[in-house]
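Examining the three-dimensional arrangement
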Amino acid sequence: MKLLTATYTGQGERDGDFCFAIEGELVLVGDVCAADQADPDPDGGCGCGRAFTGMSSHRAGTTAMVRDLDLSLDDLQLAVEAHLVAAGTGPDVLGDEDFAELVEEVVQETAAFASWWPVGTVLGRRLDFVRRRTLPT
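As the structure is a prediction and not an experimental result, all values here were calculated from the model.

**Digging into the overall build of the chain**
Secondary structure assignment for the chain yields 4 helices and 7 strands. Starting at the N terminus, the α and β elements of the chain follow one another as β-β-α-β-β-β-α-α-α-β-β. Taken over the C-alpha trace, the chain has a radius of gyration of 14 Å; the compact-globule value for 137 residues is 14 Å, and the two agree within 12%. Seen through its C-alpha atoms, the chain measures out along the principal axes to roughly 40 × 35 × 20 Å. By the burial criterion, 38% of the 137 residues in the chain qualify as buried. If you take every contact in the chain between residues at least 6 apart in sequence, the share linking residues at least 24 apart comes to 64%. Counting every atom, the chain has about 7,400 Å² of accessible surface; 52% of that belongs to carbon and sulfur. One way to put it: in the chain the 10 positive side-chain charges average out to a point 13 Å from where the 24 negative ones average out.

See below:
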């Protein structure tokens, strides 16, 4: 399955690039704070509006690479559940039904973001838009 992963590839090509995530870890297109909703530019806000969130490290980076991983939707669901619980948004906080709905939404979004791009494509983000930065060589 094609999924987005953290990458150092392309870092430094744009002002405000950063990568604190672990190379190759699964990433999410996470929520955006109010500061970045107002100003997602490299010098504005906190950076969450232009970053992907590492599912293991819970750290961010401004580039993600499409990789074809030997994972199923069930595997992705387990990873998303673990990430959300570790981030403090588990069923004990949200309730079972709301947690299940959030997991399903995040799994579907995560699978969809990578599905359009060839393996090896490096992507960037501005708010809810994911854009190609480089094509695979």
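**Considering the sheet that holds strand β2 (residues 27–28)**
Within the open sheet, the 3 strands sit side by side as β2-β3-β4. Their pairing is antiparallel. Edge strands, defined here as strands with exactly one partner in the open sheet, are β2 and β4 (60–61).

**Describing the side chain of T63**
Of note, T63 is situated in the loop between β4 and β5 (64–68). For T63, a relative accessible area of 2% corresponds to the buried category. A polar side-chain atom of T63 sits 2.6 Å from the main-chain carbonyl oxygen of T7. For T63, the side chain forms a polar contact with the side chain of Q11, separated by 2.8 Å. Discounting chain neighbours no more than four positions away, the residues touching T63 are T5, A6, T7, T9, G10, Q11, F52, V122, L123 and R133.

The rules behind these values
Residues numbered from 1 in each chain as written. Predicted model: local features only at pLDDT ≥ 70, side-chain atom pairs only at ≥ 80, totals over all residues. Heavy atoms only, no water. Helix = DSSP H or I, 4+ residues; strand = E, 2+ residues; numbered from the N terminus. Rg over C-alpha atoms; globule rule 2.2 N^0.38 Å. Buried < 20%, exposed > 50% of the residue type's maximum accessible area, 1.4 Å probe, protein only. Contact = heavy atoms within 4.5 Å. Areas by Shrake-Rupley, 256 points an atom, 1.4 Å probe, with all protein chains shown as cover. Lys, Arg positive; Asp, Glu negative; His and termini not counted. Charge placed at Lys NZ, Arg CZ, Asp CG, Glu CD. Pairing = 2+ DSSP bridges. Polar contact = N/O pair within 3.5 Å; in protein donor to acceptor, adjacent residues only side chain to side chain.

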